[in-house]
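Descriptive analysis of the structure
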Amino acid sequence: MVRTYKRKTERGTTSEAQYKAAARDVDNGMSIREAARHHDLCCMTLSRYIRRVRGDTAPPLPGYSTHRQVFTQEQEILLAHYLQQHAELHFGVSATEARKMAFQFAKQFGISCPDAWHRNECAGEDWLLGFCKRYQLFLQVATSFKRQATQPSTSSPQQTAQPSTSSKQQATQPSTSFMGESSSFAPHDVMPIPDAERKGSPGKVDRRKRKSEILTDSPVKKLLVEMRSSKGKKENQKVILTIPAVMCNLGDGFNFEAAEMYENDLNLTRPEVYPVKGLRELLDKPWRSIQWTAERKQQLTKAIVNYEPDVKSVHQARVLLIGPVGAGKSSFFNSINSAFRGSMTSQAIAGTAGTSVTTQFRTYTIKAGKGGRAVPLILCDTMGLEENAGLDVEDLVTIYKGHMKDRYQFSISGPLSEDAPGFKKHVTLKDKMHCVVYVVDTCKVSLLSPKMLDKFAVIRKKTNQMGIPQLLLMTKVDEACPQVAKDLKNVYHSVYIQKKARELSECLGIPLTCVLPVKNYCEELELDQDTDILLFTAVEQMLNYADSFFENQVVEDQEEVDSV
């Protein structure tokens, strides 16, 4: 099969949600042909799908399965993350190294792989090509320029100084970096490396100690030669070189012109040597100001406890938590509850597993202290999002409108119907969702799959249509950044956290002002003031956004009254 195969039809691209919707229409009395025509599906495929649903066997998943796939999707994501870290530490990774790592990965986990992998002790070239295309990876051959520099040449020095057209084309090809965009220059663009002439006869090796010579033609060579020749003649006179600093933005590559690099002055007179420091991890000025004092924590607590919605019929703001499996939705509620109670609590079921630990729709009320009054905030927890399973988008719409009862058990067979026991028919404004909060693990921002991003886009579209304000919480910031793990006050000084916040804002389409980093209580036994300030700041923003929802409802109600 060709490596760059292009699909000629759209078969197998229909989502399972369309088949479920068509099956519900057939159950409601519509014929199979009419339902297939209405949902733009194949009649025979829909018929087979309905027979499998009504039978004892599990319904087939739409689309085509992967043929002879060595690793699962989770294993490939883990391998891609490992290769990314390896490339960042070793300035790139070659294709051969990546193939050997893939074979060692399969051997370590006991995964069945082709016989050719065992014979060559590395993965195949075709597998690596498909792997890079699936995850948009670019491998850097770190030794390519070294091979070109040390390759023997039969050309004369004059010919070497002027490379041929083919060598120029090779030199101008941009070098690529792993998990990033192509850089825009190669070493040969700056100064071609000429081959040194062989000294002495070909069969005789001259082992006499000689002074080192500069083989590369550069503007500095002449001055270095003059400095060596003038050494010892004039003690008071010194020949000094200067190399101006080159400023560049951090990234995968940079461009510069030789003349601009030396400030259009190649008569260098003074050398300056600067130590090379590591990449900047902390900003001098925080990208978002926040106070880390006990007075600020007390001020936030008082504002949350004394909060009153603008609508008199509503006494508590309802906030819905949505996010992938293991993002920390239930842990966020436990952390908020612990901060208000004054001690560690675990009311919501939290943990890590392959699938969502939360299987019910839960509404949690928070109390200020043990036996204290209820905080005017209700946090609603949902089932985690998954690529091909998890929380259904239709169930989310039902939750938005307030029709889903507390402790409803989510069903994998389909969304909640109006005649089901968990459906609340009569709802008011206090039963609806007033704010939606997306919860994402900061450590897995770069590993969000295209399917998960598409699911977020569908949810965002539904939420925008209903006019519900939205926030985004970045959890586990201490695990993502070592500087934040040392001191939580560095969360808004961290370059990495700011980078991930902007990345989430761009890929999910949420303004950066709506992205809030938080840290949940996961291993602590005592409360921490800095952690509580981050948590209370997020809760304050939720209440502010809920007020925006209430204001829109008041305006809409007033317009309806005026129209009547």
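Check the entry above for the structure.
The next subject is the overall build of the protein. The secondary structure content of the protein amounts to 21 helices and 7 strands. Here the protein holds 564 residues, and 37% of them are scored as buried. In the protein, the proportion of contacts linking residues at least 24 apart, taken out of those at least 6 apart, comes to 69%. Of the roughly 35700 Å² of accessible surface on the protein, a fraction of 51% belongs to carbon and sulfur atoms.

A surface patch of positive charge is lined by K401, K432, K461 and K462. Tracing the sequence through the fold places K432 in the loop between β4 (408–409) and β5 (435–441).

For the rest of this paragraph, the subject is the packing of helix α5 (residues 95–108) against helix α7 (residues 125–135). Remark: α5 packs on α7, axes separated minimally by 10 Å, with the N-to-C direction vectors making an angle of 95°. Taken as axis vectors, α5 and α7 run roughly perpendicular relative to one another. In this structure, α5 uses A95, A98, R99 and A102 to contact α7, whose residues at the interface are E125, W127 and L128.

Our focus in this paragraph is helix α4 (residues 73–90). In this model, α4 (18 residues) spans 26 Å end to end at C-alpha, consistent with the 26 Å of a helix rising 1.5 Å per residue. Restricting attention to buried positions, one finds in α4 the residues E76, I77, L79, A80, L83, Q84, H86 and A87. In this structure, the buried residues of α4 make contact with α5 and α7. F91 sits one or two residues past α4 and shows a positive phi near 55°.

Pairing is mixed in the open sheet, where 7 strands are placed in the order β4-β2-β3-β1-β5-β6-β7. The sheet is open, and its two edges are formed by β4 and β7 (515–517), each paired on a single side. In the sheet, β5 pairs with strand β6 (residues 470–475) via 6 bridges, with the strands oriented parallel. Bridge assignment links V439 to a residue of β6, and that residue is L473. The sheet contacts of helix α15 (residues 329–341) involve β1 (317–322), β2 (360–367), β3 (374–381), β5 and β6, and relative to β2 the element is tilted by about 15°.

Within this structure, the stated rule accounts for 1 cavity of 30 Å³ or more. In this structure, the largest cavity encloses a volume near 40 Å³. Taken together, Y492, L516, P517, V518, L534, T537 and A538 form the lining of the largest cavity. Those elements giving two or more residues to the lining of the largest cavity turn out to be β7 and α21 (529–563). With 3 residues, the top contributor of residues to the lining of the largest cavity is α21.

Glancing now at α7. Taken together, the buried positions of α7 are W127, L128, F131 and C132. Take α7 and look down its axis: the buried residues cluster within an arc of 130°, on one side only. What points out from α7, more than 90 degrees from its buried face, is the exposed set E125 and D126.

At D40, a residue that is not glycine, the phi angle is positive and equals roughly 60°. As for its placement among the helices and strands, D40 is situated in the loop between α2 (32–38) and α3 (43–54). Assessed through its relative accessible area of 68%, D40 is described here as exposed.

Contact geometry for α4 and α7: axes closest at 11 Å, N-to-C directions at 90°. Classified by the interaxial angle, the pair formed by α4 and α7 is roughly perpendicular. Where α4 abuts α7, its residues Q73, E76, I77, L79, A80 and L83 lie against W127, F131, R134 and Y135. Looking at the contact of α4 with α7 residue by residue, the class counts come to 7 nonpolar, 1 polar and 2 charged.

Going through the model one piece at a time under the given rule, you end up with 13 aromatic pairs. Note on F71 and W117: the rings are 6.3 Å apart at their centroids and 45° apart in plane angle, and the pair reads as tilted. Of this pair, F71 sits in the loop between α3 and α4 while W117 sits in helix α6 (residues 115–120); the two residues are 46 residues apart in sequence, bridging distant segments of the chain. The same class applies to F71 as to W117, namely buried. Judged by centre distance (4.9 Å) and plane angle (45°), the ring pair of F340 and F536 falls under tilted. In this pair, F340 sits in helix α15 while F536 sits in helix α21, placing the two residues 196 residues apart along the sequence. Looking at F536, the relative accessible area reads 1%, which means it is buried. These aromatic residues form a ring-pair network of at least three members: F71, F105, F109, W117, W127 and F131.

Calculation criteria
Residues numbered from 1 in each chain as written. Predicted model: local features only at pLDDT ≥ 70, side-chain atom pairs only at ≥ 80, totals over all residues. Heavy atoms only, no water. Helix = DSSP H or I, 4+ residues; strand = E, 2+ residues; numbered from the N terminus. Buried < 20%, exposed > 50% of the residue type's maximum accessible area, 1.4 Å probe, protein only. Contact = heavy atoms within 4.5 Å. Areas by Shrake-Rupley, 256 points an atom, 1.4 Å probe, with all protein chains shown as cover. Patch = residues over 30% accessible without salt bridge, like charges linked within 9 Å, V, L, I, M, F, W, Y side chains within 5 Å. Salt bridge = Lys/Arg side-chain N within 4 Å of Asp/Glu carboxyl O. Lys, Arg positive; Asp, Glu negative; His and termini not counted. Charge placed at Lys NZ, Arg CZ, Asp CG, Glu CD. Axes fitted to C-alpha atoms, helices over the stretch in contact; angles between N-to-C directions. Parallel < 35°, antiparallel > 145°, perpendicular 65-115°, else oblique. Expected span 1.5 Å × (residues − 1). Pairing = 2+ DSSP bridges. 1 Å grid on protein atoms, 1.4 Å probe; cavity = no way out; pocket = protein on both sides within 12 Å on 5 of 7 lines; lining within 4 Å. Points joined across faces, edges and corners; volume = space filled by probe spheres on them. Arc of directions from axis to C-beta. Nonpolar A, V, L, I, M, F, W, Y, C, P; charged D, E, K, R; others polar. Phe/Tyr/Trp six-rings, centres within 6.5 Å; stacked < 30°, edge-to-face > 60°.

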